[in-house]
Amino acid sequence: MPHTPSPQTFRPAGPLRGSIAVPGDKSISHRSLILGAMAVGETRVSGLLEGEDVLATAAALRAMGADITREDDGTWHVHGVGVGGLLQPASAIDCGNSGTSARLLMGLVASHGITVSFTGDASLSKRPMGRVIDPLSLMGASFTASPGANGTQCFPLMLEGAHPAVPITYRLPMPSAQVKSAVLLAGLNTPGITTVIEPVPTRDHSERMLRGFGAQLDITEEDGARIIRLTGQPELQPQDLTVPGDPSSAAFFIVAATLVEGSDLTIRNVGMNPTRAGLVGVLRAMGADIEELEPREVGGEPVADLRVRHAALKGIEVDPAVVPSMVDEFPVLFVAAALAEGTTLTRGLDELRVKESDRLATMAAALEAVGARVEESEDGLTIHGTGGEPLRGTANARIKTHLDHRIAMSMAVAGLASRDGVEVDDVSPIATSFPRFESMLSAVTPRPA
Ligand code: S3P
C-alpha cells in the first residue's frame, strides 16, 4: 500500500503543566507477547503499548499459532503454544516499521522447523539484518535475503528454521539488545546451553523476563563483559505482567518541559531500568531539574514518577559509555543541546545510522533547517546551542522525517521551543510507538501545539 504522508506544524504553546502517564514500554511490550506465546497457558498483560510496532508482533505471533486477544479494559490475553510450538504461517510476516519485531521474531523462528517470509516498510527494508543472520546461521537456520546498500542483507527475506538448532557461544560485535535477544530467543528451542557474551551492556528486559517466565539463565561478568547462558527447551510458565511506562516516550516530555519556560510537569510510571535511563543523568549534568518521586518496582522493572521543571541547560561532552542506555534518546537530546548554552559534543553513535532512519544525518539536517548550528562527524554531532534563545523554526521548509517516529517527535519538541513553529513532513510514523503523543501534548499545554 502506498504511504500517504501527514504533515503537521508544531508551534510554541506555552508551559507544559500537570501530570501525564506515558504509554507502555515498547521493548517490554514486544517481549511480553513473545514470551507469552512461548508459555503453555494464559499470560495476561496490562499496560501493553498498543502502537503499530507491537501490534505487528502480535499479528505475527497469531499467524504462527498463538491466540492473542484484548479485553475492553485494555488487558491482553496470550494463550501460548509452548517452546517449540510455532506453526508455519500461511503468508508473509509483515513487520511494518519495526526493527524489534523483525529481529526478535527472526530469532524465535530460527530454531523452529518452519519457513517464514519476512517483509517490512521502506524504512525497515533498508536496515541491516546481517547482524542477526550471522549468529542464527551458526545455529543452523538458512536465509535468502535481499541485497541492500554496501553489501548489507535486508528485508524482504526468507528464513528456513533449523530443528534441532545448534547451541552457540556468540560474542556481540555491536552493542545491540535486538541481536542479543534474537540469539536468546533462538536458544529457547535449542537443546543445550546458548551463550551470549555482551562486551557492552545493553537493555536487559529479555533476561529479566525470561527469568520471570521460569527459564534458567545464568549471568556472570568476566573482564567487564556480561556472559549470559540460557538452558534450552525450558517449560515457560504463563505470567501476569504489568508493562511500565516507556522512558523513550517520556523523553520527549522531559526535554519539552525542561526547555519551555514556566513548565512544571509530572510524568508518572516511567521505567528507570539503569540500562535505559541514561538520558536523565545526561540532562541533569546539563542543568536539568528532574526529580524522581516514589521509586518502586513494576513487573520486575524499576519505575518512578518524574517531576520536571524548566531549567536553563549548558552544553557538555557526552560520555560515549552512556550511549547504550539512551540509544533511542539522542534525537531529542540533540534538540535540548541546540537550545543549551555552549557546545554539546557526542561521539560513539555509529548505531544511530542504522535506526529507523540515519538519525545523525536526519537530525543534523533537521536542526540546521530550524536555525541550529550543527557539525556532523562520522559517529556523532557537535551542536552549538542558542543559550535559550528560541530556534528560528522552519520558514518554507518541511522537516524530512524519513519514516522515523523519533525524528517527528523530537522536531515537534523543537517546534515548542521555536519562534515560528516547525513543520514536519509526516507525523504518521508516531503511531508506531506513541499513538497519543499529539493529544497528550495538547493536554499539557494551555494553547494548541
Ligand atoms: C531495542 C533495542 C535497540 C533500540 C530499539 C529497541 C529492543 O535497538 O534502539 O528501539 O527492544 O531490543 P538495537 O538492538 O539495534 O540497539
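Along every chain, residues carry numbers that run from 1 in the direction the sequence is written. Local features in this predicted model are restricted to residues of pLDDT 70 or higher, and side-chain atom pairs are both shown and tallied only at a pLDDT of 80 or more, whereas totals for entire chains, interfaces and linings draw on every residue. Excluding hydrogens and water, the side-chain values take into account all heavy atoms of the structure.

Observations regarding the site of the ligand
Okay, step 1: Inspection of the region around the ligand gives Lys26, Ser27, Arg31, Thr100, Pro175, Ser176, Ala177, Gln178, Arg203, Val327, Asp328 and Lys355 as its neighbouring residues.
Okay, step 2: N or O atoms within 3.5 Å of each other form a polar contact, as long as, within protein, one can give a hydrogen and the other can take it, and as long as residues adjacent in sequence are counted only when both atoms are side-chain atoms. A distance of 2.6 Å separates an oxygen atom of the ligand from a polar atom in the side chain of Ser176.
Okay, step 3: Gln178 places a main-chain nitrogen or oxygen 2.8 Å from an oxygen atom of the ligand.
Okay, step 4: In this description, accessible areas are obtained by the Shrake-Rupley approach with a 1.4 Å probe, and a residue is regarded as covered only by the protein chains that are shown. Considered on its own, the ligand offers 390 Å² of accessible surface; in the complex 95% of this is hidden by protein.
Okay, step 5: Secondary structure elements follow DSSP: runs of H or I no shorter than four residues count as helices, runs of E no shorter than two count as strands, and numbering proceeds from the N terminus. Among the elements of the structure, α1 (26-38) and α5 (177-188) are those that each provide at least two residues to the shell around the ligand.
Okay, step 6: Classification convention: Asp, Glu, Lys, Arg as charged; Ala, Val, Leu, Ile, Met, Phe, Trp, Tyr, Cys, Pro as nonpolar; all other residues, Gly among them, as polar. Along the lines of polarity and charge, the residues of the shell around the ligand split into three nonpolar, four polar and five charged.
Okay, step 7: Throughout, the edges of the domains are those of an automatic or database domain assignment. Mapping the shell around the ligand onto the domain boundaries places at least three of its residues in each of domain 1 (8-24 + 247-444) and domain 2 (26-232). Residues are classed as near a molecule or strand on a simple rule: at least one heavy atom within 4 Å of it.

Regarding the packing of helix α3 (residues 99-110) against helix α4 (residues 130-138)
Okay, step 1: Running from N to C, α3 and α4 cross one another at 15°; their axes reach a closest spacing of 10 Å. Considering the angle they form, α3 stands roughly parallel to α4. In the packing of α3 onto α4, the handedness of the crossing is right-handed. Contacts between α3 and α4 involve Arg103, Met106, Gly107 and Ala110 from the first element and Arg131, Val132, Ile133 and Leu136 from the second. Interaxial angles span 0 to 180 degrees and are taken between N-to-C directions of axes, which are lines fitted to C-alpha atoms, for helices over the stretch in contact. Orientation labels follow simple angle bins: below 35 degrees gives roughly parallel, above 145 gives roughly antiparallel, 65 to 115 gives roughly perpendicular, and whatever is left gives oblique. Left-handed describes a crossing whose near helix is turned anticlockwise from the far helix through less than a right angle; right-handed describes the clockwise counterpart. Contact definition: two residues touch when any of their heavy atoms are within 4.5 Å.

Quick look at the domain arrangement of the chain
Where interface size is quoted, it is often the accessible area lost as the parts come together.
Okay, step 1: Domain annotation for the chain reports domain 1 (8-24 + 247-444) and domain 2 (26-232).
Okay, step 2: Taking only C-alpha atoms into account, the centre of domain 1 sits 28 Å from that of domain 2.
Okay, step 3: The term buried area means the drop in 1.4 Å probe accessible area that two parts suffer when joined, counted for both and summed. Around 2000 Å² of area is buried between domain 1 and domain 2 when both sides are counted, 49% of it from carbon and sulfur atoms.
Okay, step 4: The salt bridge definition used is simple: a Lys or Arg side-chain nitrogen within 4 Å of an Asp or Glu carboxyl oxygen. Taken together, domain 1 and domain 2 are joined by four salt bridges.
Okay, step 5: Between domain 1 and domain 2 we count 15 residue pairs in polar contact (both at pLDDT 80 or more) in total.
Okay, step 6: When contributions to the side of domain 1 that touches domain 2 are tallied by element, the ones reaching two or more residues are β17 (301-309) and α11 (405-416).
Okay, step 7: Looking at the side of domain 1 that touches domain 2 residue by residue, the class counts come to nine nonpolar, seven polar and seven charged.

Quick word on unusual backbone geometry
Okay, step 1: Here the amide bond leading from Phe155 into Pro156 is cis, since omega sits at -10°, within 30 degrees of zero.
Okay, step 2: Residue placement: Pro156 occurs in strand β9 (residues 153-160).
Okay, step 3: The backbone of Asn150 shows a phi angle near 55°, a positive value even though the residue is not glycine.
Okay, step 4: Along the polypeptide, Asn150 turns up in the loop between β8 (142-147) and β9.
Okay, step 5: Buried, partly exposed and exposed residues are distinguished by accessible area as a fraction of the type maximum, computed with a 1.4 Å probe on protein chains only: under 20%, between the cut-offs, and over 50%, respectively. Residue classification places Asn150 among the exposed residues on the basis of a relative accessible area of 81%.

Quick look at the pairing of strand β7 (residues 115-119)
Okay, step 1: Here β7 shows a buried face lined by Val116 and Phe118 and an unburied face lined by Thr115, Ser117 and Thr119.
Okay, step 2: Pairing between strands requires that DSSP locate at least two bridges from one strand to the other. Summarising the sheet, strand β6 (residues 93-94) and β7 pair through two bridges and their orientation is parallel. The residue of β7 that forms the bridge with Asp94 is Thr119.
Okay, step 3: Consider the strands pointing away from the viewer: the crossover is right-handed when the path from the first strand over the helix to the second runs clockwise. Traced from β6 through α3 to β7, the parallel crossover comes out right-handed.

Concerning the pattern of salt bridges
Okay, step 1: For the coordinates displayed, the defined rule picks out 28 salt bridges.
Okay, step 2: The partner of Lys26 in a salt bridge is Asp53, and the shortest N-O contact between them spans 3.7 Å. Highlighted residues: Lys26 in helix α1 and Asp53 in helix α2 (residues 52-63), separated in sequence by 27 residues. Across this residue pair, the class does not change: Lys26 and Asp53 are buried.
Okay, step 3: Ionic pairing is found between Asp264 and Arg307, a salt bridge with its closest N-O pair at 2.6 Å. On the criterion of sequence distance, the pair formed by Asp264 in strand β15 (residues 264-271) and Arg307 in strand β17 is long-range, its members being 43 residues apart.
Okay, step 4: The class for Arg307 is partly exposed, based on a relative accessible area of 27%.

Examining helix α8 (residues 278-285)
Okay, step 1: Every buried residue of α8 is listed here: Gly278, Leu279, Val280, Val282 and Leu283.
Okay, step 2: Buried residues in α8 make contact with α7 (247-259), β16 (289-298), β17 and α9 (330-339).

Some remarks on the packing of α4 against α5
Okay, step 1: Direction vectors running N to C along α4 and α5 enclose 30°, while the axes themselves pass 9 Å from each other. As summarised for this structure, α4 and α5 are arranged roughly parallel, according to the angle between their axes. In this structure, the crossing between α4 and α5 has a hand that is right-handed. From α4, Arg131, Val132, Pro135 and Leu136 reach across to α5, where they touch Val179, Ala182, Val183 and Ala186.
Okay, step 2: Split by residue class, the contact of α4 with α5 holds seven nonpolar, no polar and one charged.

Considering the packing of aromatic side chains
Okay, step 1: Each Phe, Tyr or Trp ring, with Trp reduced to its six-membered ring, pairs with another whose centre is within 6.5 Å; inter-plane angles below 30 degrees give stacked pairs, above 60 give edge-to-face pairs, and intermediate values give tilted ones. In total, this model carries six aromatic pairs according to the counting rule given.
Okay, step 2: For the ring pair Phe118 and Phe155, a centre distance of 5.9 Å and an interplane angle of 25° mean the geometry is stacked. Residue Phe118 is located in strand β7, and its partner Phe155 is located in strand β9; the two are separated by 37 residues in the primary sequence. Taken as a pair, Phe118 and Phe155 share a single burial class, namely buried.
Okay, step 3: Aromatic pair Phe434 and Phe437: ring centres 5.5 Å apart, planes at 65°, arrangement edge-to-face. With respect to class, Phe434 is no different from Phe437; both count as buried.
Okay, step 4: Cluster of aromatic residues (ring-pair linked, three or more members): Phe252, Phe253, Phe434 and Phe437.

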